[in-house]
Structure formats: structure tokens, C-alpha cells
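Survey of secondary and tertiary structure
Single-letter residue listing:
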Amino acid sequence: MDLRSELLKSIWYGFTALDLEKSGKVSKSQLKVLSHNLCTVLSIPHDPVALEEHFRDDDDGPVSSQGYMPYLNKYILDKVEEGCFVKEQVDELCWTLTAKKNYKPAKDNKNVLPGKDAFHLWSLFNFLSEDKYPLVMVPDEVEYLLKKICMAMSVELNCVELEDFISQDAVRQNGFTVWSFLEMMNTGKITRGMGQEITSMAIEEVYREIVADVLKEGYLWKKSQLRRNWKERWFTLRPITLDYYTSEDRKERQGSIALDGNCCVEVLPDRDGKRCMFCLKTLSKTYEMSASDTKQRQEWTAAIQTAIRLHTEGKTSLHKDLKLKRREQREQREKRRLAKEEEQQRFQALQEEKERKLAELELLKEAQRQAQVLLEQDEMRRRQHHEEMQQALEVQLREAKESRATMQAEMVLKEEEAERQRKRIKELEEMQTSLEEALQQEIKARQDEEVFRYAQTGLLSEEEDKMKALMALQEEQEEYILKTQREKQELRQEMENKSRALEEAQRQLEEVRANRYRVDQDVVVSGNNVDSSFCQAAQRKLRQASTNVKHWNVQMNRLMRPIGPGGRLRHTTPVSSLTIPSQRDPGLRLRQRSEEPDEESKENVDNSSSAGSGCEGERVERRLSQASNGDMDIP
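Identification of the protein chain as PH domain-containing protein from Oncorhynchus mykiss is taken from an unreviewed UniProt entry.

Laid out in C-alpha cells, this is it:
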């Protein structure tokens, strides 16, 4: 949709507003005023003489819209240059003219939209309406616009109320006009009774997005090109420019960035205390910006990329492109619907033709069936007599054949019965033979079973006797083990007593040996100074000491003899004389074998000690006999 079509929609409302009698014609003076105002808002020079010359043949009557269109195209629209005027001012002029005549909301209704909101909705309606006069909007576009408004208010569209309004007869016959649309919005059912301020903000947001081609707007932090400091600006993104202002009222524009195919947007890492940064690169400069959060950065980068794509594709408005796509989709759906209806009509016609042919075929079949019935009746009458004549002969022949067949069947049955009896007898004989063999095998098996049972009984009795013997042997062994343990305890105690006595005897023997050694030393030292009387006394004491040594040697020999297991304290039976059955306690036999070498080693020690003692006594006697008389203290 080009700029001329957009202007014509608004001008059409202004022209029809001047048609007070609804005759399709407007007076020449009113057209002069309208033309002058249009030239003013469109920033083109006004030529009143051209209007007079154009309508000089119709001075007395009004001018129709068809008569005004050539002048409008030639002297006004052909001179319009895009970008030299504000489209919103043209819309406001036409809205002012048409609202005085057509927009008359109820004053007692609290949901009536303010004039500014009604103007924005009127502009949105013109943008989304079809390029047909009178201007109407299809229900799909109405639903699209209401969804955008409800989305801006963060509410869900009440589709039930919309369907009820669309189903009205006036709307269904004449289409959705702008006045019926404003009437629906003034009821407040679509907006769900939201506050007037919220509704106005939502309508303005949708108006700026669709009509003013604002892809996105909001606050961003921008890095200055000169001072390199950060300032918060209000940015407004359109398909060709990115403008930024001091605040959201857009009164002071600080700059504008032209967008083309050479621009690109990139995400930057956080730095300088700023987060969620991105940059817009052009051929001459790079603009760094920071969003409030990651979501806003993603939305801004996506919107800028969309604007660059639209510029690259040669499109000046996103929603114009979307409107054309929706219109193409509706046309395609309409074509598919018409094609489907035509297909259904063809199918229905074919179905009717098929049903008609089937009806004709049924009539033909019915006539054929009636003729066939008549022929069959005639044939039945002709054949009836012939069948009656043959019937008697056939009955006689049938009786003869039946009697013969009966006899033959009886013979065959009897032969088959005899054959079955023979086979049965043979089977019974074979069965008897097999039963006799099985009986013999069973008898033999029972005999074998009895023999095995007797042998098993004998084995069980022998096993039981062995078990009893083993139990008795086990009890006897347990008693002997207890007895042996008691004897071991007694022997251990007796050995401890003997060990203590042995230690005492060894201690006394050591003392005697020490005394002898001292005596020998004294004898050597004293020499000839000892008198004969003292020598006699010494010899007497030495003999007494020798007797004592022999006595202690005997005691040591007796104590050094070990006592074997099973012995008694009052008996002196040697360990070797004690015999213990090897099958009862093999541990005792091993202990006995280990103790025998110990006993032999102890006897050898005693013999060597006694022999040493005897030699020592002889040496002492020889020294005493050679020594002189003297006083010696020998115990």
C-alpha cells in the first residue's frame, strides 16, 4: 500500500463528511476549503484558480467524488513528496471533519474513549482496512488489531463478545465500518473494563507500532562519541532510522542514526561498569549502547536486525508487509474455499447424476425381471406335462435301482464288519502277549526289589551296630581325655614344686662351692703357718662338706628326674615306663618322645656336676694335707 492510497483513505472520510445530504456530491466552496487545508498540511502550494478552471462547466451544482478525483490527483497528490509533511496532521484534519458528523458516543457511558484514542483507532482502522470504498475492515483484521491492543494491556481477548458483535445483521451485511468498530470499543466489553489510562497507553503503543512504523522504543544507555561518557536516552526504532531523545516525551531529539544494508549489530561483553552491551556499526561510526537486562538487549538487537532486513529488501514498513501477507493468506484461503465449494458442487452434481442413472437402471432391471417371470411361467406350463409322463417311469426305475443299491450296500457293510472283527481279534491277541510280558517283568522286578530290600536291611543293622560302637568309643575317649587332663594338672603342680626344690638345692650347692673356693684360697695363703690340729679340724670339716655335697647331689638327681603323665606322687615310676594307647591320645605320645631326650640331658648334667664335685673335694684334701697348722673358718 503506497502513500497515495493511504492519503486517499483519509481524504475520502473528509469528502464524505462534507456530503451532508448523503447524495455523493459536495459543494464547490467546501471543496475549496478542503483543498486549501490539504495543501497546507501536505506542504504544497495551493492554486485556487486551477480549481475554478477545472469546474468552470459546473458552476451551479455540487461536485461528486468522481469529478473531484482528477483535480485531487493532478493538483495535489501528484505534487506530494514523501518526507516533506507529517502524515499524522493529514489524518487529524480528516478526522476532525468526519468526527463532527459521524462520531457521536453516548455521554452517559463511562467507557467512552477520549478523542485522541478514538483518532488513533480511526487511523489504525484506515491502515488495516481494505482498499475498497466504502472502507470496511474484514473480521480477521479486526481480531488482529484487538489482539494487539489486549496484548499491550496484558489481558486476553474476549473472543465471545467479538463473535457476538460480528454476528449482528448490520455488521454481517455492510461489513465492519470504523463507526461500528468505535461503537464496539466504547462498550468496554473488549477491554474488560480496564482503566482509561491503561487503555489509552495500549492504543497509543499499538498506533505507534503499526501506523507510525515504530518497531521498538524504550530507554537505553548510550556512550557519547566525544566525551565517551554514558547517558540514558529514549530510543525510537523505525525501518530507516534509529532516533534518540532526552526523555520519552520525544520533544528534544538528540540525534538520529540512518539504517541501511551496510549496518550491523553486535553483542559486546560487559565493561566500564555497564552490562548487557551491544553496538550498532555503520560505515562511519560505531554506537555503543547498554540495555537494562539480557532480554531487552536481545529484543533490541532483533528489532534492529529486522529494520536492516526491511531496508535491504526495499520495504519501508513492517506492518504494511505483514498486512499484505495476511491479505495474500486470506485470498489464498478464499481461493481454497471457493475451489473446495466448486469441488463439492461438482461432486454433488456427479452424485445426483449417479443417483439418476441408478434409478433408471433399477427401472430397467424391474422390467427385465417382469419379462423373465412371464417366460418362466410359460416354460413351467410346457414342462409340467412332460415331467408328469416321465415321473411314472422314473419312479419304477428308481425303485429297482434303490433295491439293488440297498442289497449291494448291505453286502459291503457285512464285509467291512467282518474285516473289522478280524482286526480286533488280532489286536486283542497282541495286547494279551504284551500284557503277559509286562506281568513277567513286573514279577521279576518285585523279586529284585525284595532281595535289595533284605540286603539294605542287613546293611542298616550293621551300620547301626557300628554307630553304637563308635558312640561307646567316643564316650570312652571323652572320659579318658578328662582323666588325662586331671593327671596333667597334677603333674604340672608336682613339677612346679620340684622345680622350686631344685632351685633351692642349686643355690646351696653354689654356696658350698663358694666356701670351698675360699678355703682353698686360705690354704694357699696360709701355707706352712697352719698347725696340725687345725689341719685335722679342717679335714673333718671338709669330709663333712663332702658328705653334704654328695647328699645334695643325690637330691638333685632325684629332683631332676621328670614325672611323666599318668604317674602318682607317691610312686617313683620313670616316665619311660608309662604307656598310653596311641589311638586314644597321639599328642601324649609325641610329648613323651620329646621329654625323653630332656631327661637324658638332665642326667648327664647331674653326673658331670657330681664328678666335678668329687674332683674338687680331692683337690681340697690334697691342699689341706700339705698346708701347715692355722686357724680357718670353714662352715
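The discussion continues.
1. A word on the pairing of strand S3 (residues 216-223)
As paired strands, S3 and strand S4 (residues 230-237) are joined by eight bridges and run antiparallel to one another. If you follow Tyr-219 over to S4, its bridge partner there is Trp-234. Counted along the chain from S3 to the antiparallel partner S4, the turn is six residues long, and its residue Arg-228 has a positive phi close to 60°. Of the strand pairs in this sheet, S3 and strand S9 (residues 286-290) are connected by two bridges, and their pairing is antiparallel. Across the sheet, Trp-221 pairs through a bridge with Ser-290, a residue of S9.

2. As for unusual backbone geometry
Of note, the bond from Tyr-133 into Pro-134 is cis; its omega dihedral lies within 30 degrees of zero at 0°. Assignment of secondary structure puts Pro-134 in the loop between helix H6 (115-128) and helix H7 (139-152). The phi angle at Ser-43 is positive, at roughly 60°, despite the residue not being glycine. For Ser-43, the position within the fold is in the loop between helix H2 (28-41) and helix H3 (48-54). A positive phi angle, near 55°, is found at Cys-276, a position not held by glycine.

3. Focus on the pattern of salt bridges
The final tally for this structure, using the stated rule, is 41 salt bridges. Among the salt bridges present, the one from Glu-130 reaches Arg-330, with a minimum N-O distance of 2.9 Å. Of this pair, Glu-130 sits in the loop between H6 and H7 while Arg-330 sits in helix H13 (residues 318-526), and the two are 200 residues apart along the sequence. Judged by relative accessible area, Glu-130 falls into the buried class, the value being 13%.

4. Some words on the side chain of Arg-326
Structurally, the position occupied by Arg-326 is in helix H13. By relative accessible area, Arg-326 is classed as buried at 16%. Ignoring anything within four residues of it in the chain, the contact list for Arg-326 reads Leu-128, Glu-141 and Tyr-144.

Quick notes on the rules
Residues numbered from 1 in each chain as written. Predicted model: local features only at pLDDT ≥ 70, side-chain atom pairs only at ≥ 80, totals over all residues. Heavy atoms only, no water. Pairing = 2+ DSSP bridges. Helix = DSSP H or I, 4+ residues; strand = E, 2+ residues; numbered from the N terminus. Salt bridge = Lys/Arg side-chain N within 4 Å of Asp/Glu carboxyl O. Buried < 20%, exposed > 50% of the residue type's maximum accessible area, 1.4 Å probe, protein only. Contact = heavy atoms within 4.5 Å.

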